[in-house]
Amino acid sequence: MWRNVNKISSVLAFMMFFSFGASAFAISDTPITISNEKKILSEVMFENAVIEGDTITDKFVDKEGRQNKMVIETKDNQTIVSLFIDGTIEQQSIVDKETGILSGFSEYGESTFEKNLDETVTAEDTLETKFATTNNGDISTYAVGYYSQVATKKSVPNALCNKTVTAYLYEKSTTTNTSKMYFNFSKGELLTAIVATIVTAIVLRNAFTLTILKEMLVSIGVGFTTTTLTAGFKGYYKGRKDIKDYYATINGTRYFTSKITKQYVTIFNSYNGKGSTKLVSTTNTGYGSPTSYQVMLSQAIATWGRGCK
């Protein structure tokens with residue numbers, strides 16, 4: 001079943017230094033229908049990807065019991081998504097960010113492809129009127145533009161500090177949307193190619209993995225095998241960042257700051273009008289990653305108290 005590793009290395013070298021004609025994808029697995037949703041999702045054994053620098057690793061076990069590992073590498077000029085099955089590379093997709101060319105191979109190097117993403121993917125500004133488009137046309141932003149007071153908390157006198165003060169928490173919200181990226185994925189398209197396209201366009205270093213893609217495909221009514229689509233579909237995808245900035249003050253001095261960023265990806269299937277939105281990452285810069293207003297205020301009071309004499 002497995003091909004010689006040297007053969008795969010030759011294919012990779014061929015990909016890097018020569019151009020090759022487009023070829024159709026082959027589907028070797030039995031098609032999976034949407035009625036098999038539970039069976040599909042049962043393949044995913046690891047829900048949390050591992051992020052190390054610019055590399056994301058997603059591990060899962062397929063329906064045949066094979067160990068799968070998908071690796072996403074984000075570089076200055078390339079996004080590389082590789083799928084290993086039982087330790088051997090089965091397929092790989094590479095997006096050149098400067099030229100917009102997607103290339104790769106499947107079936108352990110037996111099938112190769114190359115196509116220009118401009119032929120199938122075009123950008124269009126979001127239609128929501130509340131967003132103001134930036135000069136480059138790639139993103140749109142909605143922001144409150146200022147901090148507003150959202151909570152208060154009084155301190156409790158103690159043996160070290162016999163004072164009572166009030167802490168004030170302020171919040172500012174910002175939402176950033178990418179343009180809608182329209183696509184037309186064909187039957188037999190590699191799942192790594194879809195991930196690579198989306199990561200390059202809107203997600204970058206966040207953990208958009210094969211696990212998330214499969215869940216979204218089920219939600220929008222698209223069938224797939226372990227590695228490919230069983231039917232083509234078209235529509236759009238887009239990204240959104242919701243950012244909340246916080247700071248807390250006591251007597252006019254800041255004693256707490258934090259930024260909570262949540263990133264979402266939406267995929268829409270125009271064939272049936274179904275869409276799916278997934279939270280793909282959350283970052284919280286506050287100490288202990290608090291999300292409660294009262295916890296943030298308590299941290300501010302504790303910091304203030306340490307300097308109280």
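Residue numbers here run from 1 along each chain, matching the order of that chain's written sequence. Note on the predicted model: pLDDT of at least 70 is required for a residue's local features to be given, and 80 or more for side-chain atom pairs to be given and counted; whole-chain, interface and lining totals, by contrast, use all residues. Each side-chain value is derived from all of the structure's non-hydrogen atoms; neither hydrogens nor water enter the calculation.

(A) Looking closely at the packing of aromatic side chains. Side-chain rings of Phe, Tyr and Trp, where Trp is taken by its six-membered ring, are said to pair if the distance between their centres is within 6.5 Å; with planes under 30 degrees apart they count as stacked, over 60 as edge-to-face, and otherwise as tilted. For the coordinates displayed, the defined rule picks out nine aromatic pairs. By way of ring pairs, the aromatic residues Phe183, Phe185, Phe233 and Tyr237 are connected into one cluster. In this arrangement the basic side chain of Lys69 is found over the ring face of Phe84, its NZ or CZ atom lying 5.3 Å from the centre. When the NZ atom of lysine or the CZ atom of arginine is within 6 Å of a ring's centre and also within 35 degrees of its normal, the charge is said to sit over that ring. Its end group placed over the ring of Tyr247, Arg254 keeps NZ or CZ at 3.6 Å from the ring centre.

(B) Summary view of the environment of Tyr146. As for its placement among the helices and strands, Tyr146 is situated in the loop between β10 (139-143) and β11 (148-154). The rule is simple: take the accessible area with a 1.4 Å probe, protein chains only, and divide by the maximum for that residue type; under 20% is buried, over 50% is exposed, in between is partly exposed. Under the relative-accessibility criterion, Tyr146 is labelled exposed at 52%. Counting along the chain gives 28 residues from Tyr146 to Thr174, while the straight-line C-alpha distance between them is 9.8 Å. When checking whether two residues touch, look at their non-hydrogen atoms; a contact exists if any pair is within 4.5 Å. Once you skip the residues sitting within four places of it in the chain, Tyr146 turns out to touch Glu171 and Lys172. In this description a helix means any DSSP run of H or I spanning at least four residues, a strand means any run of E spanning at least two, and both kinds are numbered starting from the N terminus.

(C) Expanded view of the nonpolar core. Each nonpolar core is a collection of buried residues, namely Ala, Val, Leu, Ile, Met, Phe, Trp, Tyr and Cys, held together in the definition by side-chain atoms within 4.5 Å. Residues Phe208 and Ile267 are the most contacted members of the largest nonpolar core, which totals 42 residues. Looking at this core, the elements that each hand over two or more residues are β2 (55-61), β3 (67-74), β4 (78-85), β13 (180-185), α3 (191-203), α4 (210-219), β14 (233-250) and β15 (253-269). Among residues more than four places away in sequence, those in contact with Phe208 are Ile72, Val195, Ile198, Val199, Val203, Leu213, Met216, Val265 and Val280. Core analysis: the next-biggest nonpolar cluster, separate from the first, contains 16 residues, Cys161, Tyr246, Ile250 and Ile260 among them.

(D) Here's a closer look at α4. Counting buried residues along α4, eight of its 10 residues qualify, which places the element largely inside the surrounding structure. Two N or O atoms form a polar contact when they lie within 3.5 Å of each other; inside protein one atom must be a possible hydrogen donor and the other a possible acceptor, and for residues adjacent in sequence the pair counts only when both atoms belong to side chains. The opening residue of α4 is Thr209, an N-cap whose side-chain oxygen sits 3.3 Å from the backbone nitrogen of Thr211. Looking one or two residues past α4, Gly221 carries a phi angle of roughly 80°, positive in sign.

(E) Structural detail: the pattern of salt bridges. Any Lys or Arg side-chain nitrogen located within 4 Å of an Asp or Glu carboxyl oxygen qualifies as a salt bridge. Under the defined criterion, the tally for this structure stands at six salt bridges. Here Arg66 makes a salt bridge to Glu64, at a shortest N to O gap of 3.5 Å. Glu64 gets classed as partly exposed once you look at its relative accessible area, which sits at 49%. With its nearest N and O atoms 3.1 Å apart, the salt bridge here joins Asp242 to Arg240. Since its relative accessible area comes to 22%, Asp242 is described here as partly exposed. The structure contains a network of salt bridges with shared partners spanning Asp62, Glu64 and Arg66.

(F) Region of the structure containing the packing of α3 against α4. The axes used here are C-alpha line fits, helices contributing only the stretch in contact, and every angle between their N-to-C directions lies in the interval 0 to 180 degrees. The N-to-C vectors of α3 and α4 enclose an angle of 100°; their axes lie 10 Å apart at closest approach. Relative to α4, the element α3 is oriented roughly perpendicular. Residues Leu191, Ile194 and Val195 of α3 touch α4, and the partners they reach there are Leu210, Leu213, Lys214 and Leu217. Here the nonpolar group is Ala, Val, Leu, Ile, Met, Phe, Trp, Tyr, Cys and Pro; Asp, Glu, Lys and Arg are the charged ones; every other residue, Gly included, is treated as polar. Class assignment of the residues belonging to the contact of α3 with α4 gives a composition of six nonpolar, no polar and one charged. An angle counts as roughly parallel when it lies under 35 degrees, as roughly antiparallel when it exceeds 145, as roughly perpendicular when it falls between 65 and 115, and as oblique in every other case.

(G) Focus on α3. Counted residue by residue, α3 has 12 buried out of 13 residues, so it is predominantly covered. Here α3 has its buried residues at Leu191, Thr192, Ala193, Ile194, Val195, Ala196, Thr197, Ile198, Val199, Thr200, Ile202 and Val203.

(H) Main features of the sheet that holds strand β7 (residues 111-116). Strand order in this open sheet of seven strands is β1-β2-β3-β4-β5-β6-β7, and the pairing throughout is antiparallel. Two strands in the sheet have a free side with no partner beyond their single neighbour: β1 (50-52) and β7. On average, adjacent strands in this sheet sit at an angle of 15° to one another, irrespective of strand direction. The rule for pairing is simple: two strands pair if DSSP sees at least two bridges between them. Bridge analysis of β3 against β4 gives seven bridges, and the strand direction is antiparallel. Residue Thr74 lies in a different strand from β4, and its bridge partner there is Thr79. This element, α3, spans β3, β4, β5 (88-96), β6 (101-106) and β7 of the sheet and lies at about 35° to β5.

(I) Molecular detail of the side chain of Gln92. Among the secondary structure elements, Gln92 is positioned in strand β5. A residue is classified by how much of its surface remains accessible, and Gln92, at 9% relative accessible area, is buried. A polar side-chain atom of Gln92 sits 2.7 Å from a polar atom in the side chain of Ser82.

(J) Summary view of the side chain of Thr200. With respect to the helices and strands, the residue Thr200 is situated in helix α3. Reaching out from Thr200, the side chain makes a polar contact with the backbone oxygen of Ala196 at a distance of 2.8 Å. What Thr200 contacts, discounting residues up to four positions off in sequence, is Thr79, Val95 and Lys97.

Nothing here speaks to function; it is all geometry.
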